[in-house]
Amino acid sequence: MNESWKSDLDKWLTPFVSALGHKVRARLCPLYVAGLIGPGDRKSIQPMAAREGGVGYDQLHHFVAAGTWDQAPLEDVLLQEADRMVGGQSAFLIIDDTALPKKGKHSVGVAPQYATTLGKNANCQTLVSTTLAQDEVPVMVGLRLFLPESWTSDPDRMIRARVPDARQSYKTKLEIALEEIDRIRTAGVRFGCVLADAGYGLSAAFRQGLSARGLIWAVGVGGRQKVYPAGVALTFPMARRGRPRKNPVPDVTSLSAEKTLASTPWRTLSWRRGTKGLLKARFAAVRIRVADGPPQRIGDMGQQHLPGEEAWLIGEHRSTGERKYYLSNLPADTPLKRLAGAVKARWACEQAHQQLKEELGLDHFEGRSWSGLHRHALMTMIAYAFLQNRRLRQASGGKKDLRAPTAAEPAGDPPGHPGSDLYAGDPPMSKLQGMAQT
């Protein structure tokens, strides 16, 4: 990467520096972000300070881990910039989580838990992530630490890690995700659909929380997820004896997602171009009602969930033999290809997680405090947004400038932003691979 990127970075960081409102922090923020972007395998404070030369370890450490300042204004600027770059009705807001493997037990939130990165239980920290993406170009906009009950049940441990009072009560990843969605919506970020994997999609409360907010969503579920036909009716069957039934019951039995799609026609579709050509799989979809309503005793079947919201049940058969299932409340007239494109668009957040770790040192922070971890994570997101802005500019032939967002920014897509459908053929990201060090 030639040195011109540093002058571009200084220009692009102007609104972030202004939001800090402090002379020393305004000097250290660009140095920290530049240290994350610049050369070097290790992006923890000590090696970054040694490489920069113009700043000491103590100064960078105090800025990130010990100083008293509010990071919310910087988060707001990041949201504005992300919306300018990739926001719009065709954008997706992707909910996921990522694990940071960690030794010891003193770093905030570290505990034996399932690490998605490793595919097994490990000693790690887990961050709930939110990513804004359009045309498969992701911009990470939120990373919030999940605190296991082993932490929230130990007040002394949380005090030592300087966990804020408002964050010391236990919250599930699902609750954190919904809070993040509310924060992002309040900031005016534009997106058309929320995506999440089965870790979130299996929760009826999460799906219903999205619907209660008036959001369109597409989430992963398991093959055993129970559903009813879209035409299911609630009836009052005549009792053979005893008092008449007080509550209605479905006129058909719910079936698993796997069985429901077994007799449905499947089509081979492609959703994007990979390094080895078009990515393809077989898809099927049918309108259903999710079995996530109130529980009700139904004959000799015991307690069963009544029909809930009408939605799409989508199946995917991969070439590897793996089968995946999804639910979505996209409109009833949505074509199968668009449904497939929506459920596969979640890939963009996995790419963002990988680049944040491999290029920008998200998992390199060596401090133990709540504020230190979240500030480091915020700096990596700011660095990543700058790189995405630079890549988009190069991919569009330099037409997209490096201006910071302003109050006068137009509400529509930014200049040079390619139009999009949910299943666009050759996404811009296919042109951006390998440009991080350009």
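What counts, and at which threshold
- Residues numbered from 1 in each chain as written.
- Predicted model: local features only at pLDDT ≥ 70, side-chain atom pairs only at ≥ 80, totals over all residues.
- Heavy atoms only, no water.
- Phe/Tyr/Trp six-rings, centres within 6.5 Å; stacked < 30°, edge-to-face > 60°.
- Helix = DSSP H or I, 4+ residues; strand = E, 2+ residues; numbered from the N terminus.
- Buried < 20%, exposed > 50% of the residue type's maximum accessible area, 1.4 Å probe, protein only.
- Axes fitted to C-alpha atoms, helices over the stretch in contact; angles between N-to-C directions.
- Parallel < 35°, antiparallel > 145°, perpendicular 65-115°, else oblique.
- Left-handed = near helix turned anticlockwise from the far one by under 90°.
- Contact = heavy atoms within 4.5 Å.
- Pairing = 2+ DSSP bridges.
- Salt bridge = Lys/Arg side-chain N within 4 Å of Asp/Glu carboxyl O.
- Core = buried A, V, L, I, M, F, W, Y, C linked by side-chain atoms within 4.5 Å.

**Q** Just checking my understanding: could you explain the packing of aromatic side chains for this structure?
**A** Aromatic rings in a pair are described by how distant their centres are and how their planes are angled relative to each other. Inspection of every chain in the model, using the stated rule, returns 7 aromatic pairs. Here Phe 146 and Tyr 170 contribute two aromatic rings whose centre-to-centre distance is 6.0 Å and whose plane-to-plane angle is 70°, an arrangement assigned as edge-to-face. Note that Phe 146 is positioned in strand β4 (residues 137–146) and Tyr 170 in the loop between α8 (155–160) and α9 (173–186), a separation of 24 residues in sequence. Relative accessible area serves as the criterion here: at 36%, Tyr 170 is assigned to the partly exposed category.

**Q** Sorry, what's going on with the packing of helix α1 (residues 4–12) against helix α3 (residues 23–37) here?
**A** In a pair of packed helices, the angle between the axes and the distance between the axes together describe the arrangement. Two elements in contact, α1 and α3, have axes separated by 11 Å at closest approach and are oriented at 140°. With respect to each other, α1 and α3 are oriented oblique. The crossing of α1 and α3 is right-handed. Contact residues: Trp 5, Leu 9 and Asp 10 in α1; Pro 30, Val 33, Ala 34 and Ile 37 in α3.

**Q** When you look at the pairing of strand β11 (residues 267–274) in this model, what are you seeing that I'm missing?
**A** The side chains of a regular strand alternate, residue by residue, between the two faces of the sheet. Two strands pair when backbone bridges link them, and β11 and strand β12 (residues 277–290) are joined in this way by 7 bridges, in the antiparallel orientation. For Arg 273, the partnering residue across the bridge sits in β12 and is Leu 278. In this antiparallel pair of consecutive strands, β11 and β12, the connection spans 2 residues.

**Q** How should I be thinking about the pattern of salt bridges in this particular structure?
**A** A pair can form between side chains of opposite charge whenever their charged atoms are brought close. Evaluation of the coordinates by the stated rule reveals 20 salt bridges. Notably, a salt bridge pairs Glu 350 with Arg 346, separated by 2.7 Å at the nearest N-O pair. For Glu 350, a relative accessible area of 38% translates into the label partly exposed. The shortest N-O distance in the salt bridge between Arg 391 and Glu 359 comes to 3.1 Å. Here the residue Arg 391 occupies a position in helix α15 (residues 370–395), and Glu 359 occupies one in the loop between α14 (347–358) and α15, the gap between them amounting to 32 residues.

**Q** Any chance you could explain the nonpolar core here in plain terms?
**A** Generally speaking, nonpolar side chains in soluble globular proteins are found buried as a group. Counting residues in hydrophobic clusters, the biggest one holds 95 residues, and the most contacted among them are Tyr 32 and Met 379. With 13 residues, α15 is the largest single contributor of residues to this core. Ignoring any residue separated from it by four or fewer positions in sequence, one finds Tyr 32 in contact with Ile 45, Met 48, Leu 60, Phe 63, Val 64, Phe 365, His 376 and Met 379. Formed by 22 residues, the second largest nonpolar core is a distinct cluster that contains Ala 133, Ala 340, Ala 348 and Cys 349.

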